[in-house]
Amino acid sequence: MKYISTRGNAPKLAFDDVLLTGLARDGGLYLPETWPHFSPADLAQMKDLSYVELAVKVMLPFVEEVVSEDELRQIVTDTYGAFESEDVAPLVKLGENEWVLELFHGPTLAFKDYALQFLGRMFDHVLTKRGAKLTIAGATSGDTGSAAIEACRDRDNIEIFILFPNGKVSEVQRRQMSTVLSDNVHNIAMDGNFDDCQAIVKALFADEKFRDDVHLSAVNSINWARIMAQVVYYFWAGLRAGAPETSVAFSVPTGNFGNVFAGYAAQRMGLPISQFIIGSNANDILIRFIETGRMQSKDVFATTSPSMDIQISSNFERFMFELMGRDSSALNDAMQEFKDTGHFSVTDAFMDRLKAIMDGARFDDETTAQVIGDVYKESGYLLDTHSAIGVGAARTRRWDKAVPMIILATAHPAKFPDAVKAAAGVHPELPSHLSDLYEREEKYAQLPGSYDAVKGYIETTLKERGKL
Ligand SMILES: *Cc1c(COP(=O)(O)O)cnc(C)c1O
């Protein structure tokens, strides 16, 4: 299996190069040249597999040129064996033909662990084989940073630097990063806001000499390996809810569109999915797109579901490429227009294809809180703010009640305790492995919001570590 760029102007790569490269050289995102396919008979046989064995089955076709089945099994066993739930991703009944897929049983309590724990191990595997080293730099407004740090801690081949805006992430989120004391983990609390952190990381990547000197790489969701690992839990949940004998529907609280795109990939691979519902908070660029066929960016608002506070959904490019029949030149035109004018439109035919499989709804902070309160009253189940948007969207946009509806619960309620307490009247408790989080020792550097300060800190630290 080779990978191609959505923009059609970068070399085809094998899986290991796609893993280490992230963004394609032409600015596009990598996708497999063809989709592997499982027949209904294949799917029926996959029903009884454990999460680990299912993950091997689903991911092997994507990696087999460079990772053997045994190697993959070892990486996957190591990845998901450490998860808190034996099921890895439990499917919990919420209402009539309505299920919640709990994706918060990894070390940092958000679904990003399902992909990043795998990614960290896959990086390690490929780097060890090549005798190579990597420096990872990323900016975070909360969840991604802690998941990436947990995934990369104590790995000899990786040094990880995470920038977060000083004083502007929640205490739980800061502590999930700063209490990791491993020598290869470097937290930076920077003066400024998230966008300032992001701008400095982008500048580091644009500095070609620095980038080459330190072997800079990224862990954001443009990395194909993250999407690939997420495809697995769509199969897992779909088969448990009745596929392939019945089709299923998924509702997904959405930010960068990576999670929904993994569901689309599962559909292309043969899982019978009859509807996707995307849930947005007040940052509703995708909902407005579904309503109007026009993608138009606006300012970002701070909401009670901060992991979805984004303006541009970077993974939507992969979906567009697919719905445009993989026409790179049409995609390039749309992307150029977006860059020049801040908006683009698509054809009616494109919107017809999209609306045949997808619907969406927006929830502001108040209606999100209402869903948390209602669900807690009706069933005693405590949702976090992001997952609540998934449940709310599923209940307002469901096409067919006879089709099992699976809502992805993307975070544990204890990650957002204040908003959950305000909505449901109960304080969500942290799971036992994090119950002493507030007593643990913290370690992080505090730096001014300047490019030279951050770059200097990274260079000095790498030299001290003998990596530069
Ligand atoms: C990252 C995140 C999302 C958004 O996922 P995308 O793949 O970016 O659409 C939703 N909920 C939580 C809790 C997250 O951390």
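Residues numbered from 1 in each chain as written. Predicted model: local features only at pLDDT ≥ 70, side-chain atom pairs only at ≥ 80, totals over all residues. Heavy atoms only, no water.

A few words on the overall build of the protein. Along its length, the protein carries 19 helices and 15 strands. For the protein, the C-alpha radius of gyration of 21 Å lies close to 23 Å, the compact-globule estimate for 468 residues. Projecting the C-alpha coordinates of the protein onto the three principal axes gives extents of approximately 60 × 50 × 50 Å. Residues counted as buried form 59% of the 468 residues belonging to the protein. Of the contacts formed within the protein by residues at least 6 apart in sequence, a portion of 75% connects residues at least 24 apart. Summing over all exposed atoms, the protein offers an accessible surface of approximately 18,300 Å²; the carbon and sulfur share of this is 47%. (Helix = DSSP H or I, 4+ residues; strand = E, 2+ residues; numbered from the N terminus. Rg over C-alpha atoms; globule rule 2.2 N^0.38 Å. Buried < 20%, exposed > 50% of the residue type's maximum accessible area, 1.4 Å probe, protein only. Contact = heavy atoms within 4.5 Å. Areas by Shrake-Rupley, 256 points an atom, 1.4 Å probe, with all protein chains shown as cover.)

Sheet strands line up and pair through hydrogen bonds in the backbone, either parallel or antiparallel. Read from one edge of the open sheet, 5 strands run β8-β5-β6-β7-β15, paired in parallel fashion. Each edge of the open sheet carries a strand with a single partner, namely β8 (216-217) and β15 (445-447). Taken together, the 3 bridges between strand β7 (residues 185-190) and β15 define a ladder with parallel strand orientation. Bridged to Ile-188 within β15 is Ala-445. Strand contacts of helix α6 (residues 143-152): β5 (134-139), β6 (158-165) and β7, with the helix running at about 165° to β6, the strand carrying the most contacts. (Pairing = 2+ DSSP bridges. Axes fitted to C-alpha atoms, helices over the stretch in contact; angles between N-to-C directions.)

This brings us to the packing of aromatic side chains. Applying the stated rule across the entire model yields 25 aromatic pairs. Aromatic pair Tyr-3 and Trp-224: ring centres 5.9 Å apart, planes at 50°, arrangement tilted. Taken together, the positions of Tyr-3 in strand β1 (residues 3-5) and Trp-224 in helix α10 (residues 224-240) put the pair 221 residues apart, joining distant regions of the chain. The pair Tyr-3 / Trp-224 is uniform in exposure class, with both members buried. Here Lys-93 stacks its cationic end above the ring of Trp-99, 5.6 Å away from the centre of that ring. When the ring centre of Trp-236 is taken as origin, the NZ or CZ atom of Arg-240, which lies over that ring, is 3.5 Å away. (Phe/Tyr/Trp six-rings, centres within 6.5 Å; stacked < 30°, edge-to-face > 60°. Lys NZ or Arg CZ within 6 Å of the ring centre and 35° of its normal.)

Inspection of the region around the ligand gives 15 residues, with Lys-112, Asp-143, Gly-255, Asn-256 and Thr-410 positioned closest. Measuring from an oxygen atom of the ligand, one finds a backbone N or O atom of Gly-255 at 2.8 Å. At 2.9 Å from an oxygen atom of the ligand is found a main-chain nitrogen or oxygen belonging to Asn-259. In the complex, the protein chains occlude 96% of the 390 Å² of accessible area that the ligand would expose alone. (Near = heavy atom within 4 Å. Polar contact = N/O pair within 3.5 Å; in protein donor to acceptor, adjacent residues only side chain to side chain.)

The next subject is α10. Since the α-helix advances by 3.6 residues per turn, residues separated by three or four positions end up pointing in the same direction. If you check α10, its first and last C-alpha atoms are 26 Å apart, about what 17 residues at 1.5 Å a residue would give, namely 24 Å. Here α10 lies mainly inside the structure; 16 of its 17 residues are buried. At the N-terminal boundary of α10, the capping side chain belongs to Asn-223, with an oxygen 3.1 Å from the backbone nitrogen of Ala-225. Two residues or fewer past α10, Gly-242 is found with a positive phi of approximately 125°. (Expected span 1.5 Å × (residues − 1).)

A few words now on the nonpolar core. One finds Trp-224, Phe-235 and Phe-250 to be the most contacted residues of the largest nonpolar core, which totals 118 residues. Looking at this core, the element that brings in the most residues is α10, giving 13 residues. Apart from residues no more than four positions distant in its own chain, Phe-250 is found in contact with Tyr-234, Ala-237, Gly-238, Leu-271, Ile-273, Gln-275, Phe-276, Ile-277, Met-405, Ile-406 and Leu-408. Counting 26 residues, the second largest nonpolar core, distinct from the first, contains Ile-277, Met-308, Met-405 and Ala-424. (Core = buried A, V, L, I, M, F, W, Y, C linked by side-chain atoms within 4.5 Å.)

The subject of this paragraph is the UniProt feature "modified residue: N6-(pyridoxal phosphate)lysine" (unreviewed entry) in the protein. Mapped onto this structure's residue numbering, the UniProt feature "modified residue: N6-(pyridoxal phosphate)lysine" (unreviewed entry) falls at Lys-112. On the secondary structure map, Lys-112 appears in helix α5 (residues 112-130). Taking relative accessible area as the criterion, Lys-112 reaches 13% and is therefore assigned buried. Those residues in contact with Lys-112 that lie beyond four places of it in its chain are Asp-143, Thr-144, Ala-147 and Arg-226. (UniProt positions renumbered as here; feature names shortened; annotations may be inferred.)

On the surface, Asp-327, Asp-333, Glu-337 and Asp-340 cluster together into a negatively charged patch. Within the fold, Glu-337 resides in helix α14 (residues 328-341). (Patch = residues over 30% accessible without salt bridge, like charges linked within 9 Å, V, L, I, M, F, W, Y side chains within 5 Å. Salt bridge = Lys/Arg side-chain N within 4 Å of Asp/Glu carboxyl O. Lys, Arg positive; Asp, Glu negative; His and termini not counted. Charge placed at Lys NZ, Arg CZ, Asp CG, Glu CD.)

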